[in-house]
Amino acid sequence: MQNVLMVSMQSLSGAGRSPGVRSLDILDNIIPYIPNEEDKVRKELLKILGEYSNEGITPAEININCICTRANVLDGHTESVFVGLKKQASLAEIKEVIHSYNPFKDANLHSAPDHMIHIFEDPYRPQPRLDRELGGGMTTSMGRLEVEPVLGGVKYVLVSHNTKMGAGKGAVLLAESMLARGLLQV
């Protein structure tokens, strides 16, 4: 992976209660700017995709560009993503890697979903209202998965539950994983 272009449509619950987004501002609307969010997303993604060692995390060396918006959705962030790959892979290869991705498969963690990512073949999915609770809110839903010949990679749409996988339940899963790997003492 060498380039990522992403547009997020973040839910109202991502704004918190204060200062948040006023209800009349978001009614029948998308707010095109969330202060400081794009830099935060870039830094988080580089850490997530980076390398972990005893010295800490070495951020991934990927070019990332994103636009973060606020959408009139209660829970569940939606992202339209374009990923440029160093070497083009077939759609079958990409789907196989996604289907096989399950870092908690044998860990027997209470908070881990059976599948981290679910791919929909229906081009009208995922949708926050229909798919944010998949796997108890811990499974990321992905659809519109297509090879992207212009960028030399792949494009897709995803929905992830921001107040479950992206917050409380995700933190519990992280703690369970750290405990199982001996990185956390009880």
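Since the model is a prediction, treat every value here as computed from it, not as a measurement. (Residues numbered from 1 in each chain as written. Predicted model: local features only at pLDDT ≥ 70, side-chain atom pairs only at ≥ 80, totals over all residues. Heavy atoms only, no water.)

Participant: So, the overall build of the chain: which residues are in play, and what are the values?
Facilitator: From N to C terminus, the chain includes five helices and nine strands. Listed by position from the N terminus, the elements making up the chain come as β-α-β-α-β-β-β-β-α-β-α-β-β-α. Its C-alpha radius of gyration of 17 Å places the chain within 12% of the 16 Å reference for a compact globule of 186 residues. When the backbone C-alpha atoms are referred to their principal axes, the chain occupies close to 50 × 45 × 35 Å. (Helix = DSSP H or I, 4+ residues; strand = E, 2+ residues; numbered from the N terminus. Rg over C-alpha atoms; globule rule 2.2 N^0.38 Å.)

Participant: So what's going on with the sheet that holds strand β9 (residues 153-160)? Which residues, and what values?
Facilitator: If you walk across this open sheet you meet the seven strands as β2-β5-β1-β6-β9-β8-β7, and the pairing is mixed. Each end of this open sheet is capped by a strand with a single partner; those strands are β2 (30-31) and β7 (117-119). In this sheet, strand β8 (residues 140-148) lies alongside β7 in parallel orientation, the contact comprising three bridges. Looking at β8, one finds that H118 is bridged to S141. In the packing of helix α2 (residues 37-48) onto the sheet, the strands contacted are β1 (3-10) and β5 (63-71), and the crossing angle to β5 comes to about 130°. Lying on the sheet, helix α3 (residues 91-100) is in contact with β7, β8 and β9; it crosses β8 at an angle near 160°. (Pairing = 2+ DSSP bridges. Contact = heavy atoms within 4.5 Å. Axes fitted to C-alpha atoms, helices over the stretch in contact; angles between N-to-C directions.)

Participant: Talk me through the state of the cysteines; I want residue IDs and the actual numbers.
Facilitator: This model, assessed by the stated rule, comprises zero disulfides. With no disulfide partner, C66 has as its closest neighbouring cysteine sulfur the one in C68, 4.3 Å distant. On the basis of relative accessible area, C68 is assigned to the buried category, the value being 0%. (Disulfide = S-S within 2.5 Å. Buried < 20%, exposed > 50% of the residue type's maximum accessible area, 1.4 Å probe, protein only.)

Participant: So what's going on with α3? Which residues, and what values?
Facilitator: Taken together, the buried positions of α3 are I94, K95 and I98. In an axial view of α3, the angular spread of the buried residues amounts to 95°, which keeps them on one side of the axis. Residues of α3 that are exposed and angled more than 90 degrees away from the buried face: A92, E96 and V97. (Arc of directions from axis to C-beta.)

Participant: Can you lay out the pattern of salt bridges for me, pointing to particular residues and giving the numbers?
Facilitator: Once the charged atoms of two side chains with opposite charge are near each other, the side chains can pair. Counting across every chain of the model gives eight salt bridges. Linking K95 and E121 is a salt bridge whose minimum nitrogen-to-oxygen distance equals 3.0 Å. With K95 in helix α3 and E121 in the loop between β7 and α4 (128-131), this pair connects stretches of sequence that are 26 residues apart. You can call K95 buried: its relative accessible area is 18%. Of the charged contacts in the structure, one is a salt bridge between E146 and K155, with a shortest N-O distance of 3.6 Å. A relative accessible area of 29% means that E146 is categorised as partly exposed. The exposure class of K155 is partly exposed, given its relative accessible area of 22%. A single salt-bridge network, built from bridges that share partners, covers R144, E146, E148 and K155. (Salt bridge = Lys/Arg side-chain N within 4 Å of Asp/Glu carboxyl O.)

Participant: I'd like to hear about the environment of S53, residue by residue, with values.
Facilitator: Secondary-structure assignment places S53 in strand β3 (residues 51-53). S53 gets classed as partly exposed once you look at its relative accessible area, which sits at 27%. Each C-alpha atom of the pair S53 and A112 lies 24 Å from the other, and the pair is 59 residues apart in sequence.

Participant: Can you lay out the side chain of D75 for me, pointing to particular residues and giving the numbers?
Facilitator: Within the element layout of this structure, D75 appears in the loop between β5 and β6 (77-84). No salt bridge is formed by the buried D75. Its closest oppositely charged neighbour is R132, at 5.2 Å. Sequence-distant contacts of D75, that is, excluding residues within four places in its chain, are made with S11, S13, P128, R132, H161, N162 and T163. (Lys, Arg positive; Asp, Glu negative; His and termini not counted.)

Participant: Kindly report on the pairing of β9, identifying the contributing residues and their values.
Facilitator: For a regular strand, side-chain orientation follows a simple rule: the groups alternate between the two sheet faces. Burial of β9 is extensive: seven of the eight residues sit out of reach of the surface. As defined by bridge partners, β6 adjoins β9 across eight bridges and the pair is classed as antiparallel. Of the residues in β9, the one forming a bridge with H77 is S160. For β8 and β9, the ladder comprises six bridges, and the chain directions are antiparallel. What sits directly across from S141, in β9, is V159.

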